[in-house]
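Given next are the chains, with one letter for each unit.
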Amino acid sequence: MNNEEYEKIVNNVYPGLTHYVRDMDLDEELINKYKVNDIILERAFTDCTSLISGLTKNVRYSIFSNDAHYIGELKNSRAPLVHILDLDSVFKVLDVYKKDNKTLITLLHIPFEYINIFKKVSNNLDEMVIKQARKRFEDCLNSKIISEFDDEWYKRISFPLGMTEDGKMFPLEKRKD
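Computed from a predicted model, the values in this text were never measured in an experiment. (Residues numbered from 1 in each chain as written. Predicted model: local features only at pLDDT ≥ 70, side-chain atom pairs only at ≥ 80, totals over all residues. Heavy atoms only, no water.)

Focus: the overall build of the protein chain
Scanning the protein chain from terminus to terminus reveals five helices and eight strands. Listed N to C, the secondary structure of the protein chain is α-β-α-β-β-β-β-β-β-β-α-α-α in terms of helices and strands. What you see for the protein chain is a C-alpha radius of gyration of 16 Å, in line with the 16 Å of a compact globule of 177 residues. For the C-alpha atoms alone, the extent of the protein chain along its principal axes is close to 50 × 40 × 35 Å. Once local pairs closer than 6 in sequence are excluded, the contacts in the protein chain between residues at least 24 apart make up 82%. On the protein chain, roughly 9500 Å² of surface is accessible, and the fraction owed to carbon and sulfur atoms is 46%. Seen as two clouds, the 26 positive and the 30 negative side-chain charges of the protein chain have centres 1 Å apart. (Helix = DSSP H or I, 4+ residues; strand = E, 2+ residues; numbered from the N terminus. Rg over C-alpha atoms; globule rule 2.2 N^0.38 Å. Contact = heavy atoms within 4.5 Å. Areas by Shrake-Rupley, 256 points an atom, 1.4 Å probe, with all protein chains shown as cover. Lys, Arg positive; Asp, Glu negative; His and termini not counted. Charge placed at Lys NZ, Arg CZ, Asp CG, Glu CD.)

Concerning the pattern of salt bridges
Applying the stated criterion to the full structure yields seven salt bridges. Across the pair Glu28 and Lys98 runs a salt bridge, and its minimum N-O distance is 2.2 Å. A residue pair is termed long-range when its members are at least 10 positions apart, and Glu28 in helix α2 (residues 28-31) and Lys98 in strand β7 (residues 89-99) qualify at 70 residues. (Salt bridge = Lys/Arg side-chain N within 4 Å of Asp/Glu carboxyl O.)

Notes on the nonpolar core
Counting residues in hydrophobic clusters, the biggest one holds 26 residues, and the most contacted among them are Val13, Leu108, Ile110 and Phe118. Put simply, the parts of the chain that give this core at least two residues each are α1 (3-13), β2 (39-42), β7, β8 (102-110), α3 (115-120) and α4 (124-140). Leaving out residues up to four positions away in the same chain, Leu108 has contacts with Val13, Tyr14, Leu17, Phe64, Val90, Phe91, Lys92, Leu94, Phe118 and Asp126. By size, the runner-up hydrophobic cluster in this structure holds 20 residues, among which are Leu26, Phe91, Val93 and Leu107. (Core = buried A, V, L, I, M, F, W, Y, C linked by side-chain atoms within 4.5 Å. Buried < 20%, exposed > 50% of the residue type's maximum accessible area, 1.4 Å probe, protein only.)

Let's talk about the packing of aromatic side chains
Evaluated as defined, the whole model comprises four aromatic pairs. A ring pair is formed by Tyr97 and Phe137, whose centres lie 6.0 Å apart and whose planes are at 75 degrees; its orientation type is edge-to-face. In this pair, Tyr97 is assigned in strand β7 and Phe137 in helix α4, connecting sequence segments 40 residues apart. Over the ring of Phe159 we find Arg22; its NZ or CZ atom is 4.7 Å from the centre of that ring. Here the basic side chain of Lys57 rests over the ring of Tyr154, its NZ or CZ set 4.5 Å away from the ring centre. (Phe/Tyr/Trp six-rings, centres within 6.5 Å; stacked < 30°, edge-to-face > 60°. Lys NZ or Arg CZ within 6 Å of the ring centre and 35° of its normal.)

Section: α1
The set of residues buried in α1 consists of Ile9, Val10 and Val13. Mapping the buried residues of α1 onto a view down its axis gives an arc of 100 degrees, with all of them on the same face. Exposed and facing more than 90 degrees away from the buried side of α1 are Glu4, Glu7 and Lys8. At its buried positions, α1 is contacted by β8, α3 and α4. Structurally, the start of α1 carries an N-cap: the backbone nitrogen of Glu4 is 3.0 Å from a side-chain oxygen of Asn2. (Arc of directions from axis to C-beta. Polar contact = N/O pair within 3.5 Å; in protein donor to acceptor, adjacent residues only side chain to side chain.)

Have a look at this one:
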């Protein structure tokens, strides 16, 4: 791949990145499956929010994407500013950071066709994303918890990204259906 091709890919992934989160309780065994620079695939729709506040759970997924779809508030839930990523979304694990018994897992949403490139390449833009995610995470450790995130919301996002609930990573392949 030449510089022009790589620049085109960077210009497709990084401009317009928005920071989203989803919080959940996750066993340490599953947290440890996330490794920096790994590429993961999430089979389900990925719900997240752009309303970033204090943490009530032990894990925060910090998701950076320029391709999330705004769906507003959920029916039967008060959860605000809900966004969704498509089925079979692919993420690069940029960072796994632990502080005060909480874990931040920073993910970059990438197009499926760029998997092989992002397996091999990191850049200074990734470092900027990591820095921003860590700062917001640390700020949130002592921030007010938003009560609009109710049991219905947490039930909806209660599964780990990129793996089954028992820790089997999803294969990096498109669905055949």
